[in-house]
Amino acid sequence: MTASEKSLVLIDGSSFLYRAYHAIPPLSAPDGSPTHAIYGVANMVRKLQAGYPEANIVVIFDAPGKNFRHQLYADYKAHRPPMPDDLRVQIKPLHELLEAMGLPLLAISGVEADDVIGTLAKQAARQGRKVIVASNDKDLAQLVDDRIVLENTMNDSQLDAVGVREKFGVKPEQIVDYLALIGDTVDNIPGVPKVGPKTAAKWLEHYQTLDGLMQAADTIKGKIGDNLRASLEQLPLSRELATIRCNLELPVRPNELVTKPADQTRLKVLLSQLGFTRWLETLSRPESVATPEAPKTDYQTLLTWAEFDAWLARLQQAELFSFDTETSSLDYSQAEIIGVSFAVTPGEAAYLPLAHSYPGAPEQLPRDQALARLKPLLESNSHKKLGQNLKYDANVLANHGIELNGIAEDTMLESYVLNSTASRHNLDDLAKLHLGVDTITYEQLAGKGAKQLSFADIDISQASEYAAEDADITLRLHQVFAPRLAEAPVLNQLYRELELPLVPILSRMERHGVLLDITLLQQQSHELSQHMLTLEHEAHQLAGQTFNLGSPKQIQEILYDRQQLPVLKKTPKGQPSTDESVLQELAEDYPLPAVILEHRTLSKLKSTYTDKLPAQINPKTGRVHTSYHQAVTATGRLSSSDPNLQNIPIRSEQGRKIRQAFIAAPGYVLVAADYSQIELRIMAHLSGDLGLVKAFQEQRDIHQATAAEVFNVAPDQVTPELRRSAKAINFGLIYGMSAFGLGKQLGIGRNEAQRYIEHYFQRYPGVKSYMESMRERAREHGFVETLFGRRLYVPEIHSRNNARKQYAERTAINAPMQGTAADIIKRAMLAVADWLEPSTLDARMIMQVHDELVFEVAEPDLAEAQVEIRKRMENAATLAVPLLVDIGVGDNWQQAH
């Protein structure tokens, strides 16, 4: 087939570029440069290659600079913001990638991509060729005819002439007039005010053309008619701006635009640089440039011992197998196994149903017997397991007397270590992002809300497809992530020596749980209720009327309508805000906001903790069992839920009382071991500031030392007030606080706060140098790193939004300290666990909160435990300054803390 006979696919490259940039979560190459727009465009192009294997495919971009439309109308595209920096840097590597794929690229100065596309499309159509214009730009609908169609790769839809009429209400030849009437805010093309798509389509249905409508303008009644008549002078210009030129003199003809074979060598180099590992792996296949097809799936349901034994033999012989459980509950402490699934090779998996109980369910293998047969394999360290969040599966298996060993890989943690902020790390999102697969979701399977089915009630044939897919997709994701980790040795070490070994430790902590004093919690709930009633009465008196303190709308009416308090901030809908930060600022000058704020705080404590914690106690163990999450925070810190231990307040008296309800069992005490000022110590190490390092090495009170330096007084003359100010400066600068923020916190003017900051940096110049270097590193690479090599991506560092950019700069400064602190306490947990596991001491690590580890220790073993815990925590990392650990002991957490 000659070039003049092949279909021609014209890709609107500029449209693809912006769509990919906004649709794909931030991704980065191994060198930290952004790649998400490149990734998205390349995927859409490859999809078109797969769909049109015999076609010639051309990519057309807008050329830099102005074009003829700017000469017609100086304000053309005047409101369009500049291209974001993190998009601009992706254009050159994208062009290189497309050229290596063998695709012709065009960018013609003085005109737009639409005009180039229009000219080529009409020339090719006149040759009798089929033309596919790949874009979601409505302007290009004017090109559609019997040989030219518009294709949207986002939703796999095509628009022919009938489709254009159905979508816009007008024929393709009327699109230009339609666009002139409605205008375009993005390109700043003026339309007729208040005329939208429906009105424009109705007018063109009746008058056929814009000229016909303009001639009849005097007959159009009402305000809309006035608007039309007022726009008559500019409508011809709007039409000209919206008209795609299809008669350009181009340097090439359609016949000369031929897709060439990919330059495999160049493509491999580029894909390696970009970190597109999965694509790189397919290049040995003949169809390497086309979208790799997913393996054909062969999923089996195991209902007989023979089928089960055959798979068991395969698993025993496999170097690595993917494993997943299906359960009765998301609460691991109460969940029972309904079935398990396995995969050894991509596309092939099996589901073993064990406890489906709906009417008419087929007979299944007895759960206890089947699990007993699996137990040696699952408990074997020599048989390597792969999973997605295997900690959950380990906990559920423990409910059935099985201790999961041989945890070799976890795709959730692989994804998290590679880039904690690129996406969420659940299986569905990872499959979509890295495999292009839309997995079966649990809601699709079981419904949602109150009517959601338990997994035991799911038809086995449907359950099998869902469960086997989970095991299969997990295996395929690992094959994507493993090479990427191998290419980044430091990240691979972090994954294998820190995150993976932590899984069984966290699992044991979760299963052991924490004892609660229910009576004390009930008493605290009662006290909070009484206090809230008092505050409610006080608020009503201050307001001069009763109102609901839990209603933002009523609070808004009282504060702003009746009491005329100043409006400091508005909601997105334009209403005066009543959020916490606003109330805090108002509370400095007005009594009612302070009362409302205190009431809101107590209400949250009551609903979140004192009322809820007793309901979260497991009836079998009498303890609460939190869930620790390794793949949630951007910095590597652990988070927890059900209950969220990290958010229990410690600054307020009521918050500290809640910690009193976390108690030791009879004969035991709680030991709380807390790193002292760890982030400041990490700052001293990372910055290398001599004054800061010396203060810590000499074990001086760092806030007193800072006060002495900043306020130029002798250390013994530092007052409590000066020390508090120095503490605010120390911690404020770590978090990138501005002079305005510091002044507000200290109750001083911005200029005075700025002098404090400047004086601080004069005394500690290494800190300032460090901060500047972190901002620059983030701008250059797109990420910063912890002391142990964890990458903390800062995708907003090039944002055109100044507030976002400043936040990203603060993150670049603080994230290495927070991330290093997270890494250190994880290393401490591993070190303590290595000692505790073989030890004969009766002690358990039961909680991790911020920079603190909490243990339940038998009273006779207390002295030895304190020594060993301190030693291992203080030696978890070697810094330029000593790590110090404060240890407290008590019958409850508050006493120990």
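Caption draft 1: Examining the pairing of strand E5 (residues 148–152) more closely. Across the five residues that make up E5, a large majority, five, are buried. Of the two faces of E5, the one holding Ile148, Leu150 and Asn152 and the one holding Val149 and Glu151 are both buried throughout. In the sheet, strand E4 (residues 131–134) pairs with E5 via four bridges, with the strands oriented parallel. Bridge pairing in E5 places Val133 opposite Leu150.

Caption draft 2: Quick peek at the sheet that holds strand E7 (residues 298–301). Spatially, the six strands line up as an open sheet ordered E7-E10-E9-E8-E11-E12, and their pairing is mixed. Where the open sheet ends on each side, the last strands, each with one partner, are E7 and strand E12 (407–410). Pairwise comparison of adjacent strand axes, ignoring direction, gives a mean angle of 25° for this sheet. Both strand E8 (residues 320–327) and strand E9 (residues 337–345) contribute to a ladder of six bridges, which runs antiparallel. Residue pairing for E9: Glu326 is matched across the bridge by Gly339. Each of E8, E9, strand E10 (348–353) and strand E11 (384–387) is contacted by helix H15 (residues 367–379), which is oriented at about 45° to E9, the strand it contacts most.

Caption draft 3: Here's a closer look at helix H2 (residues 36–51). Taking 1.5 Å per residue, 16 residues should reach 22 Å; H2 reaches 23 Å between its end C-alpha atoms and fits that length. Burial within H2 is extensive, with twelve of its 16 residues counted as buried. Along H2, the residues classified as buried are His36, Ala37, Ile38, Tyr39, Gly40, Val41, Ala42, Met44, Val45, Arg46, Leu48 and Gln49.

Caption draft 4: A look at the packing of helix H25 (residues 591–610) against helix H27 (residues 653–660). Their axes nearest at 11 Å, the elements H25 and H27 cross at an angle of 10°. Relative to H27, the element H25 is oriented roughly parallel. Crossing angle aside, the handedness with which H25 passes H27 is right-handed. Residues Leu602, Leu605, Tyr609 and Thr610 of H25 pack against Gln654, Gly655 and Ile658 of H27. A class-by-class count of the residues in the contact of H25 with H27 yields four nonpolar, three polar and no charged.

Parameters at a glance
- Residues numbered from 1 in each chain as written.
- Predicted model: local features only at pLDDT ≥ 70, side-chain atom pairs only at ≥ 80, totals over all residues.
- Heavy atoms only, no water.
- Buried < 20%, exposed > 50% of the residue type's maximum accessible area, 1.4 Å probe, protein only.
- Helix = DSSP H or I, 4+ residues; strand = E, 2+ residues; numbered from the N terminus.
- Pairing = 2+ DSSP bridges.
- Axes fitted to C-alpha atoms, helices over the stretch in contact; angles between N-to-C directions.
- Contact = heavy atoms within 4.5 Å.
- Expected span 1.5 Å × (residues − 1).
- Parallel < 35°, antiparallel > 145°, perpendicular 65-115°, else oblique.
- Left-handed = near helix turned anticlockwise from the far one by under 90°.
- Nonpolar A, V, L, I, M, F, W, Y, C, P; charged D, E, K, R; others polar.

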